[in-house]
Structures are given as C-alpha cells and as structure tokens.
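Residue strings, one per chain:
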Amino acid sequence: MAKLWQKTTNVDKLVENFTVSRDRELDRQMAAFDVLGSLAHTRMLESIGLMEKSDLELVQRELKLIYADIENDNFEIEADVEDVHSQVEMLLTQRIGDAGKKIHSGRSRNDQVLVDLKLFFRSQLQQVVEETQKLFNQLISLSNEHKDVLLPGYTHLQVAMPSSFGLWFGAYAEALVDDLEMVLAAWKITNKNPLGSAAGYGSSFPLNRTLTTKLLGFEALNYNVVYAQMGRGKTERIIAQAISAVAATLAKMAMDQCLYLSQNFGFVSYPENLTTGSSIMPHKKNPDVWEIMRGKCNRLQALPNDVAMMTTNLPSGYHRELQLLKELLFPAFADLNDCLHMATFMLQNISVNKNILDDPKYAYLFSVEEVNKSVLNGTPFRDAYKQIGLDIEAGNFNPDKQVNHTHEGSIGNLQNEQITAAMGDVVDSFNFKKVEEAISWLVK
Ligand code: ARG
C-alpha cells in the first residue's frame, strides 16, 4: 500500500518498521476521534466553498459508517497502512472515489493528530473524573459510616494521637478534590482546538477555525498556529502532572492499606477472594491488589519526568518523535483508570477493626488528651506535660480512652458535607455536557 506521501520511491522496509512499529496499535485507539475531526473539518471546507455540497454529503455519510464500524470494533489499520489518518482517507477513497481525496485540503497530519489527541485525551480525562467521583463517593460513605471508630494516628510510624476511620477515609476523599483541580487545569488546556494550524504554519485557504472549534465542542482554540503545534508535548506535560497527582493519592492510600492489613497492625481486612495466597505458606492472604496499585501509581508519578525528558530540548515545529508521547500517555490513562476502578471495588469490601484500641500499647495515644484535661483544670501546659511524662515513665498511666473533639475539622466533626460540596464545584467546572452534545450532533 502506497503511503499518502509516496511519489515514486518505496521507503525501505526497515525504516518503515522502525518509524511506525507500535504506533498503529495506539492509533487504533484514536480512530473514532480521527473520524470526528474529519467530520468537522469537511463541514468547514464546504462552508468556505472548498468542497461541493454533494461531496460533503457523500463524505459525511461514509465517515459516519466508519465511525459506527469503529464503535462496533469492526475497524483495523491494515498492516501496510502507515497510520490511522491514512487508513480513514484510504477507506473513503476506496468507497466514494474522488470525494474522499478532497478531505485533506487545508490540513496536515500534524494538526490532524493534534486534534485527534486532544479529543482522545478529553475522553480519557472525563473517565478519570468519573472514576474519581465514584471513589470519592465510596470514601465519603465509609467515612460517615465509621465516623466514631477510633484508629491510632502515627507520626514517625510511632503511636501518636487518636484518629478515626472517619478521618482516614475522608482525608483521601478530600485529597481527590485537590487532585481534580489539577485534572481541571489539564482539561482546560486540552480543551482548545488546534485544527486549522495545518503543518504548524496555517494555510492559504480561508479556514474557519471558529467553526471547527464549535463543532468539536472545544471551549476555545489555540489561536497562534505555531503555538498550536507547540501544544504537542505541552498538553501531555500538563496531563502527566494531573495523572501524577491522582496517582500519588492512590499510591499513598495503597501503602496505608498494605500496612494496615499487616498482622502487626490488623486495622482492616478483606474477604479472602480479594486477597491472594502463597505457593508455600498456607496461611497467606496477601494484599496483591494494593501492592500492584502502589507500583503502578508510583510508576505513574514518573510520567511528568518521562514526558519532559522526551520533549525538553525540542525546538518549535513538528518533530517525529512527538509520536512516541502516545506510548507514554495512552497506557498511563489506562492504568490510572484501572487503579481508580479497583480502589473503589476494594473499598466496597473493606472491613475495619472496631477494637484496635483494646491493645494496651495504644494507651499512649491519649497522653495529649490527659495533658489537655489538666490544662483545662488550670495547670500550665508545660507542667501538665511533665507530669503526664513522669506518670508514663513510672508505669502509672491509665487514660479513659475517650475523645470528645467536636470542633471544626476534628474527629467528631469531619465536615464531609463541605468536602462533598467542594467536589461538586470542581466536577461542575468540567462542563462535559457541552462536549457530549457537540459530538452527538456531529455523528448523528
Ligand atoms: N504518527 C504521527 C504522529 O503521531 C502522525 C503525524 C505524522 N506527521 C508527519 N509530518 N510525519 O506524530
């Protein structure tokens, strides 16, 4: 199969394999978005007189059939076709002849892949938000349910002060609110239209970029065509930061889970079918899900570095290795969404130990409580502190293990309503509806 750009000479097979290799698989994931871009681009071409109405009708009809085939998993990039862009143009040309050859006026694969990526990233970011919301809801509900179940708090991994399962679950919920602020920043930068920048230097045709922006449901466009091309790499960097933020929260939670599942802690447990065994030690119920999650999410935190290393010294303009960013970002999204999903699933099955504090070593948790009681009875803080310290040294410390903190943000007042409202505000800012309406109109 001749390349789109091939004139007379055949490219060497080794070169072809080296430059395309894994790219076709990744392009397959962008196929639906490639068609959406072409649906918008060709409508725009017709509107400025660069495509006949009759050709537009043929092209739109055929593109929608290809879109349906992609959705039904009935689409492949053939072995000798360079990329998804070539595959779609080839199918069109095979099926409707010359009309198919007209769709690429005023476009380059450089802005075509940019728009495909932005549409793909938008859908992946939406999935991250939706999965994060589910996890958030699960955490808030666990937090409310276990509001009064005490949990030892640690500093330096040493017994510190009383905490609660309500605070622990709620902390991760609130972390996700801040993570989604990062995802929102990534969304805003992604949600700008690069189409019409062509190879990175615009076109002599009077392209209507505002029209394709509207048709594809973008919030705005990348106005400067050179900057639009610079968005390749920059968009990925910012998305990588957002992915890394969510991953950091999940990795920390996964570590807490592994620790709390250890017999030395015994704070939480899971049904046996959610743990894994050992081939030699018959007693084992290992927390493999959380360990795999910790590893994947730690690896995801390296993503901003990977993207930066690949793009940091590239001058403006298109460069072929930008294609490799797909190899970093696509699996990263898949891993993150998978981890979010698994975290929710696991937490639906968690049991918490309600008798942790029966263990005498946790009496120390209440040292500050005892000091504070003395302070309330009129003893200066430092004197009270010393006295309790001496009591502990003398083995004369028997607190009543009660906490009664009901002020803002304390054990007894988790402020989960406020945290939930903050989550609602962030999620509303994404305005997915506008995007969904635009896309469903384009393919209808
Ligand atoms: N696979 C290429 C990429 O992802 C498509 C764009 C090719 N453009 C070019 N000028 N060779 O970047």
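Quick caveat: nothing in here was measured; it's all calculated off a predicted structure.

## Digging into the overall build of the protein chain
Piece 1. Helices and strands together make up the secondary structure of the protein chain, namely 16 helices and six strands.
Piece 2. Relative to the globule expectation of 22 Å for 444 residues, the C-alpha radius of gyration of the protein chain, 28 Å, shows a markedly less compact shape.
Piece 3. For the C-alpha atoms alone, the extent of the protein chain along its principal axes is close to 95 × 50 × 40 Å.
Piece 4. When each of the 444 residues of the protein chain is scored for burial, the buried share is 36%.
Piece 5. Restricting the contact set of the protein chain to residue pairs at least 6 apart, pairs at least 24 apart contribute 78%.

## A short note on the packing of helix α9 (residues 225–261) against helix α10 (residues 288–300)
Piece 1. Contact geometry for α9 and α10: axes closest at 8 Å, N-to-C directions at 150°. One element, α9, and the other, α10, form an angle in the roughly antiparallel class. Our pair here, α9 against α10, has a crossing hand that is left-handed. Residues Ile243, Ser244, Ala247, Leu250, Ala251, Ala254, Met255, Gln257 and Cys258 of α9 form the contact with α10, whose own contacting residues are Trp290, Glu291, Met293, Arg294, Cys297, Asn298 and Leu300.
Piece 2. Of the residues contributing to the contact of α9 with α10, the split by class is eleven nonpolar, three polar and two charged.

## Let's talk about the packing of helix α3 (residues 53–71) against helix α4 (residues 84–96)
Piece 1. One can describe the packing of α3 onto α4 by two numbers: an axis separation of 10 Å at closest approach and a directional angle of 125°. Classed by the angle they form, the pair α3 and α4 counts as oblique. The way α3 lies across α4 gives a crossing that is right-handed. Within the contact between the two elements, α3 uses Leu58, Val59, Glu62 and Ile66 and α4 uses Val88, Leu91, Leu92, Arg95 and Ile96.

## Observations concerning the site of the ligand
Piece 1. Taken together, Asp23, Asp83, Arg109, Asn110, Val113, Tyr318, Arg320, Leu322 and Gln323 are the residues near the ligand.
Piece 2. No other element matches the three residues that helix α6 (residues 109–145) contributes to the shell around the ligand.
Piece 3. A breakdown of the residues in the shell around the ligand according to their chemical character gives three nonpolar, two polar and four charged.

## Side note on the UniProt feature "domain: Fumarate lyase N-terminal" (unreviewed entry) in the protein chain
Piece 1. Taken from the UniProt record, the annotation "domain: Fumarate lyase N-terminal" (unreviewed entry) applies to residues 8–300.
Piece 2. Helix makes up 65% of residues 8–300 and strand 6%. Its end C-alpha atoms lie 44 Å apart.

## So, the domain arrangement of the protein chain
The parts lose accessible area when they come together, and the size of an interface is often stated as this lost area.
Piece 1. What the domain assignment lists for the protein chain is domain 1 (13–101), domain 2 (109–152 + 163–204 + 223–356 + 414–443) and domain 3 (359–412).
Piece 2. Between domain 1 and domain 3, the C-alpha centre-to-centre distance is 70 Å.

## Some remarks on the pairing of strand β1 (residues 150–155)
Piece 1. Sheet topology places β1 next to strand β2 (residues 158–164); five bridges connect them, and they run antiparallel. Pairing of Leu150 across the sheet is with Ser164, part of β2.
Piece 2. Here β1 folds back onto β2 in antiparallel fashion, the turn holding two residues, of which His156 has a positive phi close to 55°.

## Concerning the nonpolar core
Piece 1. Core analysis: the biggest nonpolar cluster contains 93 residues, and Val35, Leu36, Ile243, Val246, Leu250, Met293 and Leu336 have the highest contact counts within it.
Piece 2. Looking at this core, the element that brings in the most residues is α6, giving 14 residues.
Piece 3. When residues of this core are assigned to domains, at least three fall in each of domain 1 (13–101) and domain 2 (109–152 + 163–204 + 223–356 + 414–443).
Piece 4. Among all residues touching Leu250, those that are not within four sequence positions of it are Met293, Cys297, Cys339 and Ala343.

## Quick notes on unusual backbone geometry
Piece 1. Phi angles above zero are rare outside glycine, and Asp73 is one such case at about 60°.
Piece 2. Locating Asp73 in the fold gives a position in the loop between α3 and α4.
Piece 3. Judged by C-beta crowding, with 8 C-beta atoms within 10 Å, Asp73 ranks as exposed.
Piece 4. Here the phi dihedral of Gln415 falls at roughly 60°; this positive angle occurs in a residue that is not glycine.
Piece 5. Positionally, Gln415 belongs in the loop between α14 (381–393) and α15 (416–428).

## Quick look at the environment of Arg382
Piece 1. Inspection of the secondary structure assignment puts Arg382 in helix α14.
Piece 2. With 35 residues separating them in the primary sequence, Arg382 and Leu347 have C-alpha atoms 42 Å apart.

## Describing α3
Piece 1. Its 19 residues give α3 an end-to-end C-alpha distance of 27 Å, which sits within 8% of 27 Å, the value for a rise of 1.5 Å per residue.
Piece 2. Residues Asp55, Leu58, Val59, Glu62, Leu63, Ile66, Tyr67 and Ile70 constitute the buried set of α3.
Piece 3. Asp73 sits one or two positions beyond α3 and adopts a positive phi of about 60°.

## Quick look at the environment of Val443
Piece 1. Tracing the sequence through the fold places Val443 in helix α16 (residues 432–443).
Piece 2. Look at Val443 and you get partly exposed, because 15 C-beta atoms sit within 10 Å.
Piece 3. As for Val443 and Ala68, which are separated by 375 residues in sequence, their C-alpha atoms are 9.0 Å apart.
Piece 4. When residues no more than four places from it in sequence are discounted, the contact partners of Val443 are Leu39, Lys64 and Tyr67.

## So, the confidence of the model for the protein chain
Piece 1. For the protein chain, mean pLDDT is 95; residues scoring 70 or higher make up 100% of the total.
Piece 2. Predicted complex, confidence summary: ipTM 0.97, pTM 0.95.

## Here's the deal with the environment of Glu16
Piece 1. Among the secondary structure elements, Glu16 is positioned in helix α1 (residues 13–20).
Piece 2. Separated by 357 residues in the primary sequence, Glu16 and Lys373 have C-alpha atoms spaced 77 Å apart.

How each quantity is defined
Residues numbered from 1 in each chain as written. Predicted model: local features only at pLDDT ≥ 70, side-chain atom pairs only at ≥ 80, totals over all residues. Helix = DSSP H or I, 4+ residues; strand = E, 2+ residues; numbered from the N terminus. Rg over C-alpha atoms; globule rule 2.2 N^0.38 Å. Buried ≥ 20, exposed ≤ 12 C-beta atoms within 10 Å, placed from the backbone. Contact = placed C-beta atoms within 7 Å. Axes fitted to C-alpha atoms, helices over the stretch in contact; angles between N-to-C directions. Parallel < 35°, antiparallel > 145°, perpendicular 65-115°, else oblique. Left-handed = near helix turned anticlockwise from the far one by under 90°. Nonpolar A, V, L, I, M, F, W, Y, C, P; charged D, E, K, R; others polar. Near = placed C-beta within 6 Å. UniProt positions renumbered as here; feature names shortened; annotations may be inferred. Domains from an automatic or database assignment. Pairing = 2+ DSSP bridges. Core = buried A, V, L, I, M, F, W, Y, C linked by C-beta atoms within 7 Å. Expected span 1.5 Å × (residues − 1). pLDDT = per-residue confidence, 0-100.

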